[in-house]
Amino acid sequence: MKLSTHKLTYCALFAALTAILSQIAIPLPFTPIMINLALLSVFVSAGILGKTAGTVCQLVYVGLGVIGLPVFANFSGGIGVLAGPTGGYIIGYIVAAFVIGLLCDTFKNTFVNNVLFIIAGLALCYTFGTAWFVISAHVGIAQALVMCVLPFLVGDAIKICVAAFLIKTLKNKLLKNI
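Parameters at a glance
Residues numbered from 1 in each chain as written. Predicted model: local features only at pLDDT ≥ 70, side-chain atom pairs only at ≥ 80, totals over all residues. Heavy atoms only, no water. Phe/Tyr/Trp six-rings, centres within 6.5 Å; stacked < 30°, edge-to-face > 60°. Helix = DSSP H or I, 4+ residues; strand = E, 2+ residues; numbered from the N terminus. Buried < 20%, exposed > 50% of the residue type's maximum accessible area, 1.4 Å probe, protein only. Patch = residues over 30% accessible without salt bridge, like charges linked within 9 Å, V, L, I, M, F, W, Y side chains within 5 Å. Areas by Shrake-Rupley, 256 points an atom, 1.4 Å probe, with all protein chains shown as cover. Salt bridge = Lys/Arg side-chain N within 4 Å of Asp/Glu carboxyl O. Axes fitted to C-alpha atoms, helices over the stretch in contact; angles between N-to-C directions. Parallel < 35°, antiparallel > 145°, perpendicular 65-115°, else oblique. Left-handed = near helix turned anticlockwise from the far one by under 90°. Contact = heavy atoms within 4.5 Å. Nonpolar A, V, L, I, M, F, W, Y, C, P; charged D, E, K, R; others polar.

Caption draft 1: Quick peek at the packing of aromatic side chains. Within the structure shown, the criterion is met by 3 aromatic pairs. On the basis of an interplanar angle of 35° and a centroid distance of 5.8 Å, the ring pair of Phe107 and Phe117 is categorised as tilted. With Phe107 in the loop between α4 (87–106) and α5 (111–137) and Phe117 in helix α5, this pair connects stretches of sequence that are 10 residues apart. The exposure class of Phe107 is partly exposed, given its relative accessible area of 46%. Among the residues examined, Phe117 registers a relative accessible area of 8% and is labelled buried. In this structure an aromatic cluster arises from ring pairing among Tyr61, Phe72 and Tyr93.

Caption draft 2: A nonpolar patch on the surface, seen in detail. Taken together, Phe111, Val112, Leu116, Ile119 and Phe165 make up a surface patch of nonpolar side chains, about 480 Å² in accessible area. The element best represented in the nonpolar patch is α5, accounting for 4 residues. Take Leu116: it is sitting in helix α5.

Caption draft 3: The packing of α5 against helix α7 (residues 153–175), seen in detail. Packing of α5 against α7 leaves a shortest axis separation of 9 Å and a crossing angle of 135°. By the angle between their axes, α5 is oblique relative to α7. As for the relative orientation of α5 and α7, their crossing is right-handed in sense. Residues Phe111, Asn114, Val115, Ile118, Ile119, Leu122 and Tyr126 of α5 form the contact with α7, whose participating residues are Leu153, Asp156, Ile160, Cys161, Ala163, Ala164, Phe165, Ile167 and Lys168. Within the contact of α5 with α7, the residues separate by chemical class into 13 nonpolar, 1 polar and 2 charged.

Caption draft 4: Just the environment of Ala19, in detail. Tracing the chain through its elements places Ala19 in helix α1 (residues 5–23). Taking relative accessible area as the criterion, Ala19 reaches 13% and is therefore assigned buried. With residues up to four places along the chain from it excluded, the contact list for Ala19 reads Tyr61 and Val71.

Note that every value here comes from positions in space, so none of it alone points to a role or purpose.
Written out as structure tokens, the structure reads:
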């Protein structure tokens, strides 16, 4: 895997953007999962940079958090966050970035395609996150879905549309010099 200096710079910028957007968070009273904008960065970075660089962005973000930098929601960091109830969703960012990037690398850059690719990545993020939540919080799958998926669907739908538009609009412009 060889990434150009420009792509590595974009990776660093998108990892930083994920950290920043993680802090724009709204806690909900019935779940430890917060509404935040981090997924918007995951979607856009993967769609614009592709599977390799998009995944690297999220690996850098998660790595920074694991070593203790306060990049996760609510300015948290450390391996304990990944072991906690939100850890599966954070790992899901990496998987989502890979799948979205792979699909965006393979198929035509249209708004509708981008929406479908992002939905596929988000479904995997939800799968990883909800499965880990079930294990770590000792709740049933139905309760986990009510707590960790249903309250987020509307906001995620908005993020999907914004990200699909940004990918469609910016991908060729940003990658022209790479």
